[in-house]
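Overview (structure and organization)
Here are the chains, one letter per residue:
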Amino acid sequence: MSEPVPTREHVRAKQGAGGETGGESTGTVVVAGLANLGIAVAKLVGGLVSHSSAMLSEAAHSLADTITEVLLFVALKRGDKAPDARHPVGYGRETYFWALLACLATFTLGAGFSFYQGIETILEGEEQGSPLIAYVVLAVSFVLEGASWLKAVRQVRGAARTWGTTPRRYLAETTDTTVKAVTFEDSAALVGLVLAALGLFLEQVTGDPVWDGIAAILIGVLLLLVAGSLARANVSLLIGQSIPRRLQDQLREEIAGLPQVDDVPVLLTTVIGPGQLAVMAKVDFADSATVADIERASDEAERRLVARHGGVRFVFLDPTPGDGRARAEAHRPE
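Residues numbered from 1 in each chain as written. Predicted model: local features only at pLDDT ≥ 70, side-chain atom pairs only at ≥ 80, totals over all residues. Heavy atoms only, no water.

Let's shift gears to the packing of helix α3 (residues 53-79) against helix α4 (residues 94-124). Where α3 contacts α4, the two axes come as close as 8 Å, and the packing angle between them is 175°. When the axes of α3 and α4 are compared, the pair comes out roughly antiparallel. Grouping the constituent residues of the contact of α3 with α4 by class yields 16 nonpolar, 10 polar and three charged. (Axes fitted to C-alpha atoms, helices over the stretch in contact; angles between N-to-C directions. Helix = DSSP H or I, 4+ residues; strand = E, 2+ residues; numbered from the N terminus. Parallel < 35°, antiparallel > 145°, perpendicular 65-115°, else oblique. Nonpolar A, V, L, I, M, F, W, Y, C, P; charged D, E, K, R; others polar.)

Following the UniProt record, one finds the feature "transmembrane region" (unreviewed entry) at residues 96-116, 132-150, 188-207 and 213-239. The span residues 96-116 shows a helical share of 100% and a strand share of 0%, and its end C-alpha atoms are spaced 29 Å apart. Along residues 213-239 one finds 100% helix and 0% strand; the C-alpha atoms at either end are 39 Å apart. (UniProt positions renumbered as here; feature names shortened; annotations may be inferred.)

With that settled, the discussion passes to the pairing of strand β3 (residues 312-318). Examined bridge by bridge, strand β2 (residues 276-285) and β3 share six bridges and lie parallel to one another. Counted as the bridge partner of K282 is D318 from β3. Note on the crossover from β2 through helix α10 (residues 291-308) to β3: the handedness is right-handed. (Pairing = 2+ DSSP bridges. Right-handed = clockwise from strand over helix to strand, strands pointing away.)

Our next topic: the environment of G192. With respect to the helices and strands, G192 occurs in helix α7 (residues 177-206). Separated by 30 residues in sequence, G192 and L222 have C-alpha atoms that sit 7.6 Å apart. If we ignore the near neighbours within four places in the chain, the residues touching G192 are E58, I219 and L222. (Contact = heavy atoms within 4.5 Å.)

So, about the side chain of K43. Mapped onto the elements, K43 comes out in helix α2 (residues 22-50). A polar atom in the side chain of K43 sits 2.8 Å from the side chain of S62. With near-sequence residues (within four places) excluded, K43 lies in contact with M55, E58, A59, S62, V137, S141, E145 and L193. (Polar contact = N/O pair within 3.5 Å; in protein donor to acceptor, adjacent residues only side chain to side chain.)

What the three strands build is an open sheet, ordered β1-β2-β3; its pairing is mixed. Since the sheet does not close on itself, it has two edges, and those belong to β1 (261-273) and β3, each with one partner. Across this sheet, the average inter-strand angle for adjacent strands is 20°, counted without regard to direction. Sheet strands touched by helix α9 (residues 245-256): β1, β2 and β3. Its angle to β1, the strand with the most contacts, is close to 135°.

So, on to the packing of aromatic side chains. Scanning all chains against the criterion turns up two aromatic pairs. Geometrically, the ring pair formed by F314 and F316 is stacked, given 6.1 Å between the ring centres and 5° between the ring planes. A relative accessible area of 22% places F314 in the partly exposed class. It is K81 that lies over the ring of Y91; its NZ or CZ is 4.3 Å from the centre. (Phe/Tyr/Trp six-rings, centres within 6.5 Å; stacked < 30°, edge-to-face > 60°. Buried < 20%, exposed > 50% of the residue type's maximum accessible area, 1.4 Å probe, protein only. Lys NZ or Arg CZ within 6 Å of the ring centre and 35° of its normal.)

All right, on to the side chain of Q276 then. Tracing the backbone through its elements, the reader meets Q276 in strand β2. Judged by its relative accessible area of 19%, Q276 is buried. Not counting residues up to four positions away in its chain, the partners in contact with Q276 are T270, V271, G311 and R313.

As a further point, take the nonpolar core. The biggest cluster of nonpolar side chains holds 22 residues, and the ones touching the most others in it are L251, I255, L267, V279 and L305. Counting only elements with at least two residues in this core, the list comes to α9, β1, β2, α10 and β3. Setting aside its immediate chain neighbours within four residues, L305 contacts L251, E254, I255, V279, V312 and V315. Core analysis: the next-biggest nonpolar cluster, separate from the first, contains 17 residues, V29, C103, A181 and A188 among them. (Core = buried A, V, L, I, M, F, W, Y, C linked by side-chain atoms within 4.5 Å.)

Of note, I255 is situated in helix α9. I255 sits 50 residues away from L305 along the chain, and the two C-alpha atoms are 8.3 Å apart.

A word on a nonpolar patch on the surface. On the surface, I119, I122, L123, W211, I214 and L218 cluster together into a nonpolar patch covering about 550 Å² of accessible area. Put simply, the parts of the chain that give the nonpolar patch at least two residues each are α4 and α8 (210-239). Structurally, I214 is set in helix α8. Using a relative accessible area of 33% as the deciding quantity, one classes I214 as partly exposed. (Patch = residues over 30% accessible without salt bridge, like charges linked within 9 Å, V, L, I, M, F, W, Y side chains within 5 Å. Areas by Shrake-Rupley, 256 points an atom, 1.4 Å probe, with all protein chains shown as cover. Salt bridge = Lys/Arg side-chain N within 4 Å of Asp/Glu carboxyl O.)

Relative to the 26 Å expected for 18 residues at 1.5 Å per residue, α10 spans 26 Å between its end C-alpha atoms, a close match to the ideal helical length. Tucked inside the fold, the buried residues of α10 contact α9, β2 and β3. (Expected span 1.5 Å × (residues − 1).)

Bringing the pairing of β1 into the picture now. Pairing analysis gives nine bridges linking β1 to β2, with the strands arranged antiparallel. By the bridge assignment for β2, L267 is matched with A281. Where β1 hands over to β2, the hairpin turn is made up of two residues, of which G275 adopts a positive phi near 70°.

Written out as C-alpha cells, the structure is:
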C-alpha cells in the first residue's frame, strides 16, 4: 500500500516528521514577544504625549501580546516534556491550556482596556497633545510588527507547502496553536496600528476626540474577535479533538488492509498535542486467525500507521468485533 499524498486533512495528523518543528515555533514566538515588548513601551510614551486613547489602547494591545507570547513560550516548553508514569501519553495538551490562558490575557487586558479608553474618550473627551511622536511610534511599530508577521507567515506557508494545502486551510486545521496565535495577533496588530493612525488623524483634522475613541473601540472589537477565535480552537483541542473523517477513513483502510483482518467496526482518534495523534480501534480478526497472527497484525498496524502518518504517536488495537454487547450488558437496567 503506497503512502497517501498529503491533503488538508493531513495537517492535523502529519506534523511530526520533517514539518513544522517546535524549534521553529519557539523562534517565531520569541521574535514576536521581543518585538511586542519594545513596541508596548514606545506606544505608551506616544499615547501619553499625544493624549490619544487609541494609542494607549494599542499600548495595552502590545502589552497583552507580550504576555501572550510569554504564555505561548511556556506552552511550547511544557508541552515538549517527555511522557512519564503519571502522564503516559505526554504533556502535549498542556500546550493548549497555556495557549487558552494567552487568549484570556488578550481578551481581558487588551480588549477590556481598549473598550474602557474608547468609551471614556467618547463620553468625556480628551485633551489634544502633539501627534508627531505618536505618528513616529506608529510607523516604527508597523515595521517591527510587520517583521514579526512576515516570519510567522513564512512558517505557515512553508508548512502548508509541506502538507499540500493552502496557508488559509493550514491555519484552520493545524494543531500548533502557537504559530496560529502569533499569526493572528500580528495580523490584528497591523490592523490596529492602521485604526489608531486613522483615529488620530481624524481627531487632528476635525478637532473631535470622538474619532479617537471610536478607533480605540474598534481595536477592542478586533482583539475580541482574535481572542474568541483562538480560544475556541484551544478549547476544542484541550478537550480532545478528533481528526477529520476523511483521514480517519484512511487510517481504517490501513488497518483493514492487513492480513487476517475482516473489519474495523470502531476507530477513534484524538489529538494529544501539537502534531501528535493517538489511534484506537476495535478490530474484527478472521475466525481462523491465531494468537500469533493477531500479534503480527497488531505490530504491522502500528508500524504502518506510524511510518505513513508522521503525527501518529500511539496505536491501541482491541481484537474484538465491537458489536456493542459489552456496553449493553454494562448498562442493563436492574
